[in-house]
Amino acid sequence: MTIDTLTLQGRDRTHTGLAGIDVGRLKAMRNAGLRSCFNHLEDTRYRLEFVARIRGREYINDAAARTINATWYTLETLQGGLIWIVDACEMAGDYSRLVPPALRKVRMLLVVGEQEDLMHHTFRGIIPDIHCCASMAEALQQAYRYQSEDEVRVVYSPSCYNGLPTKQLGETFRREVNEL
């Protein structure tokens, strides 16, 4: 496979794939101490994972993005307009660091959880549509109904640790997308 063929899949998938190769190589190291450290790395399954294309719109599962920095990388990496589903919490940190990529790309923000006020305060005037949703299913229904003339992707990037395992969050997103 050439690098040109690889990059046709998109920069986000290329980076994830290359990181997976590096992790595989690191796990095969001969030094048992180092190898055991890398054996505990989590699967990249829930990092910029393509879930489905429904009515021409891509749904991206980024449940592993549990920090502001990880979400920043996601928003910077994905091309085009975005509908961002977030699990906002006060202890996540300074959401204002996400304003520059949100200003350029995010068309709608769907807040799952109880921190709608925090997100409204941070992104008012930056993101045109901000809505609080009681569940992932409600957020995905809002995203599904969103009308846009430009291409928009739906990305779930929680940006905080809400106490639930990444696998549970990722599988919930996948299940709800597949039920649309």
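All values derive from a computational prediction rather than experimental measurement.

Trainee: In this structure, what is going on with the overall build of the protein? I would like to understand it.
Mentor: Scanning the protein for helices and strands turns up eight helices and six strands. Starting at the N terminus and ending at the C terminus, the protein contains elements arranged as α-α-α-β-β-α-β-α-β-α-β-α-β-α. Looking at the protein as a whole, 43% of its 180 residues qualify as buried. Taking the intrachain contacts of the protein between residues at least 6 apart in sequence as the baseline, contacts between residues at least 24 apart amount to 68%. With an accessible surface of roughly 9800 Å², the protein has 52% of that area assigned to carbon and sulfur atoms.

Trainee: Looking at this structure, I do not really get the layout of surface pockets. What am I missing?
Mentor: Empty space within the largest pocket amounts to approximately 240 Å³. Around the largest pocket sit 15 residues that line it, and Asp 87, Val 112, Gly 113, Asn 162 and Leu 164 are the ones nearest its centre. Take the lining of the largest pocket: its biggest share by element is four residues, from helix α8 (residues 166–178). Its residues placed into classes, the lining of the largest pocket shows eight nonpolar, five polar and two charged.

Trainee: Hey, could you run me through unusual backbone geometry in this one?
Mentor: The backbone of Leu 48 shows a phi angle near 55°, a positive value even though the residue is not glycine. As for its placement among the helices and strands, Leu 48 is situated in the loop between α3 (32–38) and β1 (49–54). Assessed through its relative accessible area of 4%, Leu 48 is described here as buried. Although it is not a glycine, Ser 159 sits at a positive phi angle of roughly 65°. Checked against the element boundaries, Ser 159 lands in the loop between β6 (152–156) and α8. A residue is classified by how much of its surface remains accessible, and Ser 159, at 1% relative accessible area, is buried.

Trainee: What exactly am I supposed to notice about the side chain of Arg 47 here?
Mentor: On the secondary structure map, Arg 47 appears in the loop between α3 and β1. Given a relative accessible area of 18%, Arg 47 falls into the buried group. Of note is the side chain of Arg 47, whose polar atom sits 2.7 Å from the side chain of Asp 62. A distance of 2.8 Å separates the side chain of Arg 47 from the side chain of Thr 74, its partner in a polar contact.

Trainee: Quick question: what am I supposed to make of the pattern of salt bridges here?
Mentor: Side chains that carry opposite charge are capable of pairing whenever their charged atoms lie near each other. Counted under the stated rule, the structure contains six salt bridges. As a salt-bridge pair, Glu 49 and Arg 174 come within 2.8 Å of each other at their nearest N and O atoms. Residue Glu 49 is located in strand β1, and its partner Arg 174 is located in helix α8; the two are separated by 125 residues in the primary sequence. Judged by its relative accessible area of 12%, Glu 49 falls in the buried class. Between Arg 153 and Glu 58 there is a salt bridge whose closest N-O contact spans 3.1 Å. Of this pair, Arg 153 sits in strand β6 while Glu 58 is found in strand β2 (residues 57–61), placing the two residues 95 residues apart along the sequence. A residue is classified by how much of its surface remains accessible, and Arg 153, at 15% relative accessible area, is buried.

Parameters at a glance
- Residues numbered from 1 in each chain as written.
- Predicted model: local features only at pLDDT ≥ 70, side-chain atom pairs only at ≥ 80, totals over all residues.
- Heavy atoms only, no water.
- Helix = DSSP H or I, 4+ residues; strand = E, 2+ residues; numbered from the N terminus.
- Buried < 20%, exposed > 50% of the residue type's maximum accessible area, 1.4 Å probe, protein only.
- Contact = heavy atoms within 4.5 Å.
- Areas by Shrake-Rupley, 256 points an atom, 1.4 Å probe, with all protein chains shown as cover.
- 1 Å grid on protein atoms, 1.4 Å probe; cavity = no way out; pocket = protein on both sides within 12 Å on 5 of 7 lines; lining within 4 Å.
- Points joined across faces, edges and corners; volume = space filled by probe spheres on them.
- Nonpolar A, V, L, I, M, F, W, Y, C, P; charged D, E, K, R; others polar.
- Polar contact = N/O pair within 3.5 Å; in protein donor to acceptor, adjacent residues only side chain to side chain.
- Salt bridge = Lys/Arg side-chain N within 4 Å of Asp/Glu carboxyl O.

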